[in-house]
Amino acid sequence: MIINNDSLLVNNNNCKSIIYHQDILSFDLDRYKFKNQVNVIITSPPYYNLRSYLDKEDSFKALEIGNQSTLESYLALMKSVFVKLHEMLTDDGVFWLNVGLISDQKSNIIDLPSILRDLCLEVGFCFKSFIIFKKNNAQPNGLKHRGTIDFEMVYLLAKAKDTSYFYDQEGYKEFSNPESMLRVLRGVGDDNKYSDGAPGQVPHSMNSFREKDDNRGVPLYRYARSVWDFNIKNFNPKKYGLDIQHFAVMPLELADRMLNLTTSRLGRCVVCKKQVKPYYEKKTLSKEALNKKEIEFLSQDKRLNKIKNFIINEKTSADINCCGQSATENVVVLDPFSGSGTTVLAAHLNNADSIGIELNKDFILLSEERIKKTLGI
């Protein structure tokens, strides 16, 4: 571990992380050779006129984004940030942008997520998907003129205009809904109302003719949906031996799920820096061949006892050949507003190298202690 005037570096199991005590807008991409080098960006940027994390005497105070005199000046800075992030991203790279709604002084809602998303589109990013990050245990806001807002938006953006950006839908999956699993066993007539597709829709394979068959293989998992719900956990820096306040910590589960979907466990090509896509093989297993967690899920609904065969996809070993090379290196993850180091920590947990950029030196120290304690180093 190395700490100098510029950065913090953590090495763990061949994964490196470095957090620069700098400002993203003045960050020299040529000096650090970061143009077209980052595979995944995850960040929750400072909101407008909400919090300030730097003392007035801090030498970086003038560089802090969020406390500008007008919303327009704040947005101009954020657009410049997005231009820089676009330069740093590889051609197959993705950008996860996590933002919540804010209010003006008259308690009118400002749709900051949509505004920042549109700025990203203006600088060249393409809008691929969105996630509603729902906070199951959100605290009530105390306002009497509207309900409590218990969610934030997460946008998936990419450089690629087509589907050539890296996304591994097998990276994160959840258990299928029991009703959907049982439906697979049922027969479907060739005259059901959806057999030809609903108006304006292509017929779904689930509505194709099939006979009832209790021996049919049933998918055990389904791919990620667009609402992710977590219980927000209390974050107390004192457990890391630090008397530091941080009021907007991204849940580790959120960053981890993003990386599961957009980080290759096979690494990236040493030449073009694109991530290597894994291959998967469909397998049919009996209940006896499932793991403990899978069996526990099935035991929660007695109706699932009738299912005999389960379909899962398993990653297969395959020769890696990209740009005529078989050599790979670690995927690189960036958070330009590193804060408490959630993205950096999640990168370690997903076998990726990571870069953080942070103005608050106390937060860099917090990130170091948090990463060391979590990883046991």
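What counts and how
Residues numbered from 1 in each chain as written. Predicted model: local features only at pLDDT ≥ 70, side-chain atom pairs only at ≥ 80, totals over all residues. Heavy atoms only, no water. Core = buried A, V, L, I, M, F, W, Y, C linked by side-chain atoms within 4.5 Å. Buried < 20%, exposed > 50% of the residue type's maximum accessible area, 1.4 Å probe, protein only. Helix = DSSP H or I, 4+ residues; strand = E, 2+ residues; numbered from the N terminus. Contact = heavy atoms within 4.5 Å. Arc of directions from axis to C-beta. Polar contact = N/O pair within 3.5 Å; in protein donor to acceptor, adjacent residues only side chain to side chain. Salt bridge = Lys/Arg side-chain N within 4 Å of Asp/Glu carboxyl O. Pairing = 2+ DSSP bridges. Axes fitted to C-alpha atoms, helices over the stretch in contact; angles between N-to-C directions. Parallel < 35°, antiparallel > 145°, perpendicular 65-115°, else oblique. Left-handed = near helix turned anticlockwise from the far one by under 90°. Nonpolar A, V, L, I, M, F, W, Y, C, P; charged D, E, K, R; others polar. Phe/Tyr/Trp six-rings, centres within 6.5 Å; stacked < 30°, edge-to-face > 60°.

(A) Main features of the nonpolar core. Core analysis: the largest hydrophobic core is formed by 40 residues, its most contacted members being F82, L85 and L116. At eight residues, helix 2 (residues 71–88) tops the list of elements feeding residues into this core. Once residues lying within four places of it in the same chain are set aside, the contact partners of L85 are I24, I41, F95, F125, L334 and P336. If you look at the next biggest cluster of nonpolar residues, it comprises 25 residues, including I42, V154, A160 and A347.

(B) Representation of helix 4 (residues 178–185). Turning to helix 4, its buried residues number three or more, namely P178, M181, L182, V184 and L185. Along helix 4, the residues classed as buried sweep out an arc of 145 degrees about the axis, all on the same side. For helix 4, the secondary structure elements touched by its buried residues are strand 11 (218–219), helix 6 (292–298) and strand 16 (309–316). Backbone nitrogen of E179 and a side-chain oxygen of the N-cap are separated by 2.8 Å at the start of helix 4; the cap is N177.

(C) Seen up close, the environment of V81. Its location among the elements puts V81 in helix 2. We classify V81 as buried; its relative accessible area is 0%. Apart from residues lying up to four places away in sequence, V81 is in contact with I24, L25, I65 and F337.

(D) View of the pattern of salt bridges. A full pass over the atoms with the stated rule returns 18 salt bridges. Between E314 and K283 there is a salt bridge, with the nearest N and O atoms lying 2.9 Å from each other. With E314 in strand 16 and K283 in strand 15 (residues 279–286), the pair connects residues that are 31 residues apart, well separated along the chain. For K283, a relative accessible area of 30% puts it in the partly exposed group. In this structure, a network of salt bridges that share partners links the residues E179, R186, D301 and R303.

(E) Looking closely at the pairing of strand 9 (residues 151–158). In terms of burial, strand 9 is a largely internal element, seven of the eight residues being buried. As defined by bridge partners, strand 5 (residues 89–99) adjoins strand 9 across six bridges and the pair is classed as antiparallel. Pairing of F95 across the sheet is with L157, part of strand 9. As defined by bridge partners, strand 8 (residues 126–135) adjoins strand 9 across eight bridges and the pair is classed as antiparallel. Within strand 9, the position partnered with F133 by the bridge is E152.

(F) Just the packing of helix 7 (residues 342–349) against helix 8 (residues 361–375), in detail. Where helix 7 contacts helix 8, the two axes come as close as 10 Å, and the packing angle between them is 25 degrees. With respect to their mutual orientation, helix 7 and helix 8 come out roughly parallel. Where helix 7 crosses over helix 8, the two elements pack in a sense that is right-handed. In contact with T342, V344, L345, H348 and L349 of helix 7, helix 8 contributes R370, I371, T374 and L375. A class-by-class count of the residues in the contact of helix 7 with helix 8 yields five nonpolar, three polar and one charged.

(G) Main features of the packing of aromatic side chains. Applying the stated criterion across every chain, the model contains 14 aromatic pairs. A ring pair is formed by F27 and F34, whose centres lie 5.8 Å apart and whose planes are at 5 degrees; its orientation type is stacked. According to the relative accessible area criterion, F34 is buried, its value standing at 12%. Considering the side-chain rings of F95 and F125, the 5.3 Å spacing of their centres and the 50 degrees angle between planes classify their relative orientation as tilted. One end of the pair, F95, is in strand 5; the other, F125, is in the loop between helix 3 (112–122) and strand 8, with 30 residues separating them in the sequence. Neither residue differs from the other here; F95 and F125 are each classed as buried. Of the aromatic side chains, those joined through ring pairs into one cluster are Y20, F27, Y32 and F34.

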